[in-house]
Every structure is written in structure tokens, then in C-alpha cells.
4 protein chains.
Amino acid sequence: MTFTVAVAGASGYAGGELLRLLAEHPDFEITTVTAHSHAGEPLIAVHPHLRSLRDLVLTETSPETLSGHDIVFVALPHGKSGELTAHLPEHTLVVDCGADHRLESGDDWAAFYSGEHHGAWAYGVPELIVGAGRQRDHLVGARRIAAPGCNASTVELSLAPGVAAGVIEATDIVSVLAVGPSGAGKSLKTHLLAAEILGSANPYAVGGTHRHIPEIAQGLRWAGADAVTLSFTPVIVPMARGILATSTARLVPGTTPEQVRAAWEDAYADETFVQLLPDGSVPRTADVLGANTALMSVTVDEAAGRVVVVTAVDNLAKGTAGAAIQSANIALGLPEAMGLTVNGVAP
Amino acid sequence: MTFTVAVAGASGYAGGELLRLLAEHPDFEITTVTAHSHAGEPLIAVHPHLRSLRDLVLTETSPETLSGHDIVFVALPHGKSGELTAHLPEHTLVVDCGADHRLESGDDWAAFYSGEHHGAWAYGVPELIVGAGRQRDHLVGARRIAAPGCNASTVELSLAPGVAAGVIEATDIVSVLAVGPSGAGKSLKTHLLAAEILGSANPYAVGGTHRHIPEIAQGLRWAGADAVTLSFTPVIVPMARGILATSTARLVPGTTPEQVRAAWEDAYADETFVQLLPDGSVPRTADVLGANTALMSVTVDEAAGRVVVVTAVDNLAKGTAGAAIQSANIALGLPEAMGLTVNGVAP
Amino acid sequence: MTFTVAVAGASGYAGGELLRLLAEHPDFEITTVTAHSHAGEPLIAVHPHLRSLRDLVLTETSPETLSGHDIVFVALPHGKSGELTAHLPEHTLVVDCGADHRLESGDDWAAFYSGEHHGAWAYGVPELIVGAGRQRDHLVGARRIAAPGCNASTVELSLAPGVAAGVIEATDIVSVLAVGPSGAGKSLKTHLLAAEILGSANPYAVGGTHRHIPEIAQGLRWAGADAVTLSFTPVIVPMARGILATSTARLVPGTTPEQVRAAWEDAYADETFVQLLPDGSVPRTADVLGANTALMSVTVDEAAGRVVVVTAVDNLAKGTAGAAIQSANIALGLPEAMGLTVNGVAP
Amino acid sequence: MTFTVAVAGASGYAGGELLRLLAEHPDFEITTVTAHSHAGEPLIAVHPHLRSLRDLVLTETSPETLSGHDIVFVALPHGKSGELTAHLPEHTLVVDCGADHRLESGDDWAAFYSGEHHGAWAYGVPELIVGAGRQRDHLVGARRIAAPGCNASTVELSLAPGVAAGVIEATDIVSVLAVGPSGAGKSLKTHLLAAEILGSANPYAVGGTHRHIPEIAQGLRWAGADAVTLSFTPVIVPMARGILATSTARLVPGTTPEQVRAAWEDAYADETFVQLLPDGSVPRTADVLGANTALMSVTVDEAAGRVVVVTAVDNLAKGTAGAAIQSANIALGLPEAMGLTVNGVAP
């Protein structure tokens, strides 16, 4: 069976990655790609890497151009998808890669975003531990899905096993992330120019202002945390893609390293797209480039009294577009891994 | 007055940076450069960037070739300088850029290094708060100086003001560093190949094994900490040089953001080479490339209950060779900044 | 139908890329992977990005371990495959990614390589114009194939259309290539260290010594050139993968820009993996990352009297492993594009 | 003696590099820095690497703010300096880093630029062979100087010795340059975003349209060429700074390799800032980072009948700001090398 697909906001980086992955999906057929300032141009003029899609032409983003598809992926800046998607039929599967439908709490929304809060949709991180089950369970049959923030899902997947198993505390988490600039979008800002980023490590949103903080807290509460306290610092480094998240949390007193390791092993033993490395190995972002894989290590630092979880993710793939497609597969009853790869492009 | 200078281990990255900086020093004259496998070659064959030193030829590293100089800078792998420098006259100023003479505690040495412990020399981080004074005081007139570990001094300078002022706790520090591969030396290892590092963020020494951990703890104890607990994770990122250290520590309950900021401002207001950025600005490694500057921001994250200090340092300059020369200036009674620059090469 | 596959030299970069692509091939089953110093290790310990192949273990490279497969891909340093492959049965499809079987001329071999010349196999650049046909014709049914040198095939594909159509001269070609260091292999040499390559552009083999020069001349003679004269300069730049070849040749007097463009359009209009960009567009290596695509522009510089062809190729994919698999598909009568993608991973 | 200095266009990359170098100049005192949209801001808010200049504040660019200085450096986009500098007194030394005063020929200007042609000033490449002398001779006492285009001066210096000595032909030159994106300025364009440039090699201005082409031809005519024909292709590669120019020209028949080498050796033996490497060595851009050095190799490819000259330059230093200051030193009768360094910051 073939599902027809539209991608709104196809000209950006998330849109491009959606299309790159969708082009490999055997059951999805891309029929419409929309954009704003590039409407009317061939898709390939904007995304010259998408050679197999060279017959597609960008059209205007509107309810009209998007309607009539089985699936609509939305990759718009936050604040843009709420109203637009309200016009789409209920039976259409809508996957929003923006932030508009991730947060349940209106207070969280108001504190970190602006404009109207549109409520939360089914959250597109299937492997996340939620209560006694997985977030996957909430995606089955869903018709409205919110793909996660790339940094947020990376940290959530890093720590949820320890929170759920009661081996780490959620009240004094510290996460520092090395991130590639594609995560900031195709945005004409001085600090995103190549000359500013080549040869440099550049932090931003230091001190608790990053918008993914409430999303992470929400995810870890779903995993079982009573309260979450998180120090979160992203650092842009000179790689086009990738997130390398180093997350540490205090070890619950009395916990053994074996119990820690078991918590993560149990959590992800059956997962295709979240893979725990053997003791002594650590992940690298190049190993997940273009893949739908979160590659993870967990280490107990007994002297520091902390568990250190390092996770590598491709921000555009598993962090955004891959998560969106994986979630769509689940929603539609397709094999979860359809059209996705676990292998990175390295070196 | 001109001091004659020898550099041992001149063929490596630290040796090269010493020479680049020494070449600009008005009172130092480089007369001898030594190496091992490259002995007999022109210096410029190994360091083609040192155009002004094209008449120098590398000789063997030995007590004989090093003796007879006013100053000897040693840039050898750890374990190599202890015996060698024992043969140098007491009145010669010896600055060791290796690890052999940094740690006071033989237990620390045994736990993180191997081989004989040679004891500690005057530690080459002049701005470090030590008791009621500065480490500078211990460098005046010294004839044996241990230049610091690049990551270590970066974290020490980041946190010492808060420890000394009693506004942060030293018992649950978390530091994550984005570092360039030159910090690992000119070493033929697969994980240091360009193809392994380009486009990737690669952690190492995860979980409390990095050798700079006891050095940081020692520095913070000097600054006033009773005990130090530190989770420390370095991540190699694709820039030749640079350290961007994100260090967080728990805020002492009841402390105000103003008190925090005042602690750092007071500590570094009179320092040339440690500069605190205004509130809202954050440092980038490109801004200190080639400079002897530690550029720093301090931010209070009240929701997380942590102070976040981000510091950018050039690992080869202020992190190693610049600190060595700055310390030598102090030891010899020269102006502390002689031959050094605060300005980075950016973009 | 499923073909069993062995990969010799699986631990290097070319071997890793072969495996990454083979893992996606619906009709190939990887059963054996061999190496030398890493024999006995899990494949994934050497190539942590190949998550789907985590059950494979590296064995010793020998005629015994390689025999009994339908297809053997060989990714060994030059000089190593000649003897080894002589022991494999005639009916086995052997694809050599090394240089041993590329050159027809023993004199060329002797002038640029060393050791015994093993003669030439069917050359794995299907799209190359050869006389009145294509190199593809020589691959049908072949059981011994030499995958091309990555730089060589890039320049051959760049210029063959103009040579064959008689619109450019082959006697004063100038090619300058920006190349990623993975093309030099996973080799422990100082000039391949990350600190040497980050932030720098580093030429090598300047002045006519590069081993791909006779291979390019051979390919352009096949395309119709009487004699080939080529100035060839590769420059390593800080990207893990990729070749951006700028090749210029003198315009045959009297030729119009339209005739030039027609030569290239006619040559590649029906090709999947060699794509000519519209007038005014130029290729970028990021657009072919991981893809089996050669992306090309052709421009007439009338003032200079030269045609400028710029071609982007992923040195490990279309430049080596992709060409090997594409050629194997043709040899075995499978669809030429099976298991390969035209889309790059960008940004 | 101290000269007062103003820098117009101080907020861009060329302006920042002028200031970085001027800050080290013992006889120059920076008193005014001007900009447009950043007027009113502290200089250090725009250039956080210029720590020693933290007391300077940007003012509006106007004849009024620039007048009253001994020297005015102008770093504005082309077309902006002609009118502005017309208002400055004749006795003021004005050094224009833009393109407005480089080309003697109004036809060249009209063909490659737009707007009014303001005529040519003394060209700021002191080492360039001009007739029987050097361009240096034309800079002595000059009060209007045009700093060169970075790519242009690199190619001119590469080839002038061979042209002047009659060992190469100027009628079929091919230059391909790997360049860092800082050469394109701090300009908000999509193709200059980090995500577009990291991991990629991106050509532009292919086929004879680059504005430095007529400037190179002019320089080589000064060196003795009757006519110049040049194929010129720049390729942006992922390094913040640097130009690696590979320039080839046909060997004049009958010329020996020794004659070729002698031409370049004779030309640059007495030069501080243009250095010829020994036979067999090739330059790298990292070796001249931040330096006022052009590092050069010359190689005869007898099989190709071409001389290959590879030259590394820092586009912002020797390519622009360093050349400007070196030329100003000459104009004012100061030591030519004052305030400039030959040593690069590597690795």
C-alpha cells in the first residue's frame, strides 16, 4: 500500500532531511512539497543533494496545497504550524517537526515560547519509557504526532532508563551538548556564518534559557521522575550535523555499577534504534551520521557519585526527520524501521 | 637584558607553540632546540610555520645540550622530564610543560600516572587564587616551574573565584570540555586521524579517568575547597586548537546572583589574561586562538541551582606555552605580559 | 536470488564503505569480512557505524577465507591483491578496489608503482565513453573487475565527453582537486593527523607524481584522445570525504559553447549516476556525500579559451565502493542501480 | 614617532584583522574605528577577540569622523570608498582595502564591477616585480594606496617571477584556489552559512567571472607579460581563513628546471614576506595563519610541460590587512616589517 505524502516547509534543513529519508521509504510517495519564499522553484534548486526528487516543484504552504494527502509532515518554525494544521482533516496523519505541539503544560509553553499554546500531540520518541510502557504505545493509531526537539529527545533517551529504574536522581542533572549548526536551521544570522563557526566552539543559551529544557523535564517525568532539575548547555562545534550529549546525574546512594548498567541494558536490549555500547566504548557523532540511531554509553563515576551517559544522535535524522518517520510508521501500523537505516555514514 | 633559552621536545605541538611565542619575546633568545627522532633536521622542516627561526637546527635532547642556558623549557611526554631536569643546575630556570612536576600528592600521582613521582614545582597558573593570595606569589624568583595541564588550568580558573568566595560548592562539580586534537599531541594514533575527527564529536576518558582530575582538585583545594568532587568529560571536536570548558557547580544556598558575579569580577578585575565577559555574553574559542587569554562567562541558573562558568582557552597558548612564558616572566622579574598577546586570531 | 559476498581488507575506509553499501543491497549477503591486524575482532569494534552488521567478526585475509563466495570485494593496499586474487576461482566475481589491475601498460605501472604488474581487468567506470560505446559494455558478464582510482574516475568522467566529441584538446589538461583525507586511507602518518589538516589546505604529489595520472590518461585515450597531457594537483582540505575536481582543457578552436554543452548533455542524459547540472549551477561535495553520484558542471570560459568542468564525487562511494558495487551489478546482470542511492546526505 | 590611525569599516572581517595587526604596531595608535549598523557599540561587542582594544567604541563612517588622522585604513565594500576618500586631505595616508582603486583600466572596471571608476592608486603588493624594479618603489612616499585583492596578489606573486624571467608563458595560465569563507566577508548569505560549508568543497564564480581576474592580468603585465590569459576558479573549503593557490603556466620551450627555480629564487631571496620553500616541500595554509607571509613552492612538471606554483596566504593578513600595513610602513618610511610577523599560528 502506498501513502501519499506532503511536506510543508520543505526548503529548510529539517524539510530536506525528511525528503531524503522519505525518498527511501517503500510505502510513501512524496507528492507535494511546499515552501514560502522558494515557492515556484524546483526542489532540487534548493536541495541539490536530492537527485531522485528532481521532478518536484515547491508550491506555497497552505491548507489547500496540503490537503488531500494521507500524511502531512510539517517542518515550520515554531508558532507556524498550530493554525495551519488545524485546517487539516482529522483522518490525515499530521507529523509536526516544530515545537508547537510538544508541551502539555501551558505554563511551560508560556515560560519558554511565545504566542498561543496549541496543546500537546502524541510525542514522537517511541523508545521513551513512559510509566510501565513506552511512548510507542501512544503512537499506535495516532493521527497527530509531535516530533521531538533534537536535543530534548537525546537527553530524554539518555536518562530515562536510570530514572525509571530508580538508580539516578533527576533533581540535579547536568547536560552539555556539542551540536552542529544545522540544528539552528537555515537561518541568516551572523553567528551561524561559516567563518564564525569554523575552528571554534561556541556556546549559546547558557544558564537555563534553552527551549528544550521543559521538554526534557516532561519526558523524564513520564519516565517516572517526581521532579526534574536540569542544567543544560549547548555548544555549537564545527560539524554540519550531530549531537553529542554528555549527561550526568547523581547516583542514588547504594546503587551498584551493575545495577546501573542493567537499567540501560534492559531498557534498550530490544530496541533497533537506541543502542547501548559495550562497557569501555563511547559513541561518536560520525557513527550515526544520516542514521536513525541513538548510540549511547553509560559509565559510573564512583568518585564523583555520578552516572555519565554519552549519546550520539544525528540531529536531523533520529533527532528530527527520522523520529518523525519512525513515529509515522508506528501510527500507520507499518514496520517501525521501514525506510530507515541504523548505519551511519563514516568516516 | 637577554636570557638564553633552550627548548627540549621542540618537535611536538607544545614545543612548537613555545617557540612561536618565544620568537616574539623581546628579552628571550632561543639558542637551542632539541628533539629525539628529528634531531639533525632544521627546525623549520618540522614546524614550517616558524619562518623567523629558520636558522635553528634540532639537536638531541640531553643534559649536555640543555645546560648552559638561562632558561630551559621542557615539552616532553610525562615521565620523561623528571630525570632529565634533575641534571640541570639549580640556578637555571626550568619550566616543565609536562605533567611530571604538577602534583603534590604521591598518591594522586600513583593513581593517575605511572612511574616515579618527582614531587611538585611552583605551579604555573599565576592568576589562580591560593589562600589569601595568588599563585603568582609562589612564582616570583622560582627556578623550577610546572606549567599546568591545559584542561586543568581552564577548570581551575573557572571555579576558583566561586570556591574562594564561598558561593559555590566544590563537592559536585561537573565539567564538560570541547577540545581540539592538538591537546593530545602529535601522536600517531588512529583516533587522532583527520578522517576520524572531521565532522564528528568524540568523547574520551569518560567516567573519571582523565589525568587532569587530581590536578583540578589540587588547584581548587588551594583556592579554599575542603574537598573536591568532579565529574570531568572531554570531547574532541573538529578544531585544531581550543578548549571550551563548561563547568557547573551547585550554588551555596542563599547566595544571590549579584554575589556570584561579584566573586568572579573581584577575582579577575585586575588580571590581564583572565577576562570576564559582561553578563549575557559567552566566550568562543576562536576569540582566544593564539592568545594568552582565558575568556570567561559566569551565569547563575537559579532553576537548576547551579552556577555555569564557560571558559575559552587556547590549549597550546594560555593552556600550555603561554602559561609557561608568563610564569617565566614572573620568576625572572620581567613584566608579566612581556611577549604575550591578549588578542586572538579570529575569525 | 542472493549472492554471497566476502570483503577482504574490511577494516580500512574503503572496506567500511563497501560494507555500508552492501548492507543495503537486497541481493547481496555479506558472509565473510577479513582483515589483518584486526582479525578476531568484531567488525563493529573497527567500524562502529555499521550497526546492522554487528554479528560479523573479522577473520584473516587468505585465499581460504575468501574462497567459496559468489563475489569477493578486495580493498587492500596496492601490491597486495595480485597474488591473493590469483588463487580465487575463475567463476568467482572478484572486484579489486586497489590499484593492481587498473593499468594496461606495464610501462605505466613501472613508472608510477613498484613490484610486479598483474595486467588489467575490466575497468569499473560504467559511464566512461570507450570508443563508440561505454565501459559498461565491457563489464557485462565480467568476473574480474578493477574499481577505479577515485580521483582518476572523477577526472575521466569530467573530460571524456569533450574528448569524444572533439570539442576539447587532451594535450594540455589541468586538474586541481580538493580532496578529503579519507582518500589516503586509515594510515598512521603525521600529515594525516587531524591537527595537521583542520583549518588548512595541504597539497601533495605536486608536479606530476600522483599515481592516478596514467590511469586518467588511459581512460581519456579510451574516450578517443590520441595523446593526453595532464597537470594534476590534489589538495587535502578539512572534510572527511569528497572530491571536488576542477578540470580545464583547451577549447578546440571554432567550437561554440552550445556544442560544448551538447557534448556533455548527450554523454550523460541517460545516466543515473552522472548528472550534469543546469548552466549556472556548480556542484558541491556535500551534495553527493554517501551517494553514488558524480555531479558535474561544464562552463566555457571564452576569454581563457578553456572549458572548465567541475565534478563532485564522494571518494569512498562513487569514487570506490559504489563504483565497485555498480560494476558488480552490471557483471551479474542485476539492475545497475540496485542497492545504491543518488541522494547525498546534506547538509 | 606615533601616527594616529582611523579604520573605516571596522566591523567586518578585514576591518577586524586590520585592528588585530595595528594593535601590535609600535608606531601606530588606533584612535577611531567606524562602522555603519554597529555604530555606537563597543568594538569588542563586534570583535570579541580584540581584547586589547576594549576601550574603543564604533562611530559612524563619515568624512568627519575619519578626518584629522595621519592614516586612514578603509575596509568597505567596493563602490563605497571612492566618494568617501575623495573628502580626505591629500597629505593623509589613505589605504583602501576595497577594490575601488586597484584597476588602471576603466574598461576592466566596467567589465567586472559596476558604478563609477575612480582610477588606480599605488598598488599594495611591495614584492611584485614591476618592470626592472618592484612595486615597493611606487609605494615610497605614497599617500593613496590600494591594498590588493587577496586572491589576486596571491596569484600575481606566484607567477610574476616566471613571467619576468621569461621562463613561463602568460597566455594560458590556470589557477585554482582553495579559499576560506572569511574572504567573502561577514555577509548574510545562505551559501556562507556554516552548515553549507562544513564538510564540503564549494566552487563559485566558475568560468571567468571572478573580479580578481583583471587585477591579476594587470599585475602580470606589470611584471612583463604582453598578454595574459587566465582560467581562474576559487573553491570555498571548510577553513575560516586561508588561500591555497595552485597556479600552472606553460613552460617556455627549452627552459630547464634549474632556470625555472632560479627565477623564483632570485625574485624572492631578499624578501621577508615571500618565502620560497626548498625543492620537494609544499606550503600549507595553516603555516601562514595570522602571518604576513606568502609561502610558495615551484615545481616543473616536464611531462605536462607546465610549471606548478603553489602558494599559501592568509587572505585576511598578507592577503589584505597585512599588505595594507606593510605598504603603509613603506609609504611612511618605516621599517617594512614593523608590526608584522612571518610566523603562522599552527597547528
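Residues numbered from 1 in each chain as written. Chains lettered and ligands numbered in written order. Predicted model: local features only at pLDDT ≥ 70, side-chain atom pairs only at ≥ 80, totals over all residues. Heavy atoms only, no water.

1. Quick look at the sheet that holds strand β2 (residues 28-35) of chain B
Residue and element names in this part refer to chain B.
Right, on to step 1. The parallel open sheet is built from seven strands, whose spatial order is β3-β2-β1-β4-β5-β9-β6. Either end of the sheet is taken by a strand with one partner, and the two such strands are β3 (58-60) and β6 (122-123).
Right, on to step 2. Summarising the sheet, strand β5 (residues 93-96) and strand β9 (residues 144-146) pair through three bridges and their orientation is parallel. Of the residues in β9, the one forming a bridge with D96 is A146. (Pairing = 2+ DSSP bridges. Helix = DSSP H or I, 4+ residues; strand = E, 2+ residues; numbered from the N terminus.)

2. What about the interface of chain C and chain B?
Right, on to step 1. Taken together, the contacts link 18 residues of chain C with 18 residues of chain B.
Right, on to step 2. When the two sides are added together, the surface that chain C and chain B hide from each other amounts to roughly 1,500 Å², 75% of it contributed by carbon and sulfur.
Right, on to step 3. Contact with chain B buries area across many residues of chain C, yet C:L188, C:L193 and C:L198 alone supply 40% of it, more than any other trio.
Right, on to step 4. Applying the counting criterion to the chain C and chain B interface returns zero salt bridges.
Right, on to step 5. Put simply, chain C and chain B have four residue pairs in polar contact (both at pLDDT 80 or more) between them.
Right, on to step 6. Sorting elements by how many residues they give to the side of chain C that touches chain B places helix α8 (residues 194-197) of chain C first, with four residues.
Right, on to step 7. By residue class, the composition of the side of chain C that touches chain B is 12 nonpolar, three polar and three charged. (Contact = heavy atoms within 4.5 Å. Buried area = accessible area lost by both parts, 1.4 Å probe. Salt bridge = Lys/Arg side-chain N within 4 Å of Asp/Glu carboxyl O. Polar contact = N/O pair within 3.5 Å; in protein donor to acceptor, adjacent residues only side chain to side chain. Nonpolar A, V, L, I, M, F, W, Y, C, P; charged D, E, K, R; others polar.)

3. Quick word on the UniProt feature "domain: Semialdehyde dehydrogenase NAD-binding" (unreviewed entry) in chain A
Right, on to step 1. Here, UniProt's "domain: Semialdehyde dehydrogenase NAD-binding" (unreviewed entry) annotation points to residues 4-136 of chain A.
Right, on to step 2. Secondary structure across residues 4-136 of chain A divides into 24% helix and 23% strand, with the first and last C-alpha atoms of the span separated by 23 Å. (UniProt positions renumbered as here; feature names shortened; annotations may be inferred.)

4. Here's the deal with the pairing of strand β15 (residues 294-301) of chain A
Residues and elements named next belong to chain A.
Right, on to step 1. Among the eight residues in β15, eight count as buried, and that is most of the element.
Right, on to step 2. Both faces of β15 are covered, namely the face carrying A294, M296, V298 and V300 and the face carrying L295, S297, T299 and D301.
Right, on to step 3. Relative to β15, strand β14 (residues 274-276) runs parallel, the two being bridged by three bridges. Each residue of the ladder has a partner; that of V274, found in β15, is A294.
Right, on to step 4. In this structure, β15 lies alongside strand β16 (residues 306-313), joined through seven bridges in antiparallel fashion. For L295, the partnering residue across the bridge sits in β16 and is A312.
Right, on to step 5. Where β15 hands over to β16, the hairpin turn is made up of four residues, of which G305 adopts a positive phi near 70°. (Buried < 20%, exposed > 50% of the residue type's maximum accessible area, 1.4 Å probe, protein only.)

5. Brief notes about the relation of the copies chain C and chain B
Right, on to step 1. For the pair chain C and chain B, the relating rotation is 180°, the translation along its axis is 0.0 Å, and the fit reaches an RMSD of 0.0 Å. Taken together, the rotation angle and the small translation identify this as a two-fold axis. Of the C-alpha atoms belonging to chain C, the one lying closest to the rotation axis is found on C:A194, 1.8 Å away.
Right, on to step 2. Mapped onto chain B, 100% of the interface residues of chain C are again interface residues, and the two copies thus contact each other with one and the same surface. (Least-squares fit on C-alpha atoms with pLDDT ≥ 70 in both.)

6. Regarding the environment of D:Y204
All names here are of chain D.
Right, on to step 1. Its place among the elements puts Y204 in the loop between β11 (202-203) and α9 (212-222).
Right, on to step 2. Along the chain, Y204 and V130 lie 74 residues apart, while their C-alpha atoms are 30 Å from each other.
Right, on to step 3. If sequence neighbours within four positions are ignored, Y204 has contacts with N151, V179, H210, P234 and I236.
Right, on to step 4. Within polar-contact distance, the side chain of Y204 engages the side chain of H210 at 3.4 Å.

7. Observations concerning helix α7 (residues 150-165) of chain C
Helical geometry note: an α-helix holds 3.6 residues per turn, so side chains three or four residues apart project in the same direction.
Residue and element names in this part refer to chain C.
Right, on to step 1. The terminal C-alpha atoms of α7 lie 24 Å apart, and with 16 residues this matches the ideal 22 Å at 1.5 Å per residue to within 8%.
Right, on to step 2. Of all the bends in α7, the largest measures some 40° and sits at L159, one to four residues before the proline P161.
Right, on to step 3. Of all the 16 residues making up α7, 14 are buried; the element is thus mostly covered by neighbouring parts of the structure.
Right, on to step 4. Of the residues one or two after α7, G166 is the one with positive phi, at around 70°. (Expected span 1.5 Å × (residues − 1). Bend = angle between axes of the 7 residues up to and from the residue.)

8. A word on the relation of the copies chain C and chain D
Right, on to step 1. The two copies are related by a screw motion: chain C maps onto chain D through a turn of 180° and a shift of 0.0 Å along the axis, at an RMSD of 0.0 Å.
Right, on to step 2. Mapped onto chain D, 100% of the interface residues of chain C again fall at the interface, so both copies present the same surface.

9. Some thoughts on the interface of chain C and chain D
Right, on to step 1. With 40 residues of chain C at the contact, the number on the chain D side is 40 residues.
Right, on to step 2. Both sides of the chain C and chain D interface together cover about 3,200 Å² of buried area, and 63% of this is carbon and sulfur.
Right, on to step 3. Across the contact surface, chain C and chain D share six salt bridges.
Right, on to step 4. Taking the shortest distance from any N to any O, the salt bridge between C:D172 and D:R250 comes out at 3.3 Å.

10. Some thoughts on the pattern of salt bridges
Right, on to step 1. Considering all chains together, one arrives at 68 salt bridges over all chains under this definition.
Right, on to step 2. Put simply, A:E169, A:D172, A:R250, A:R306, B:E169, B:D172, B:R250 and B:R306 are held in one network by salt bridges that share partners.

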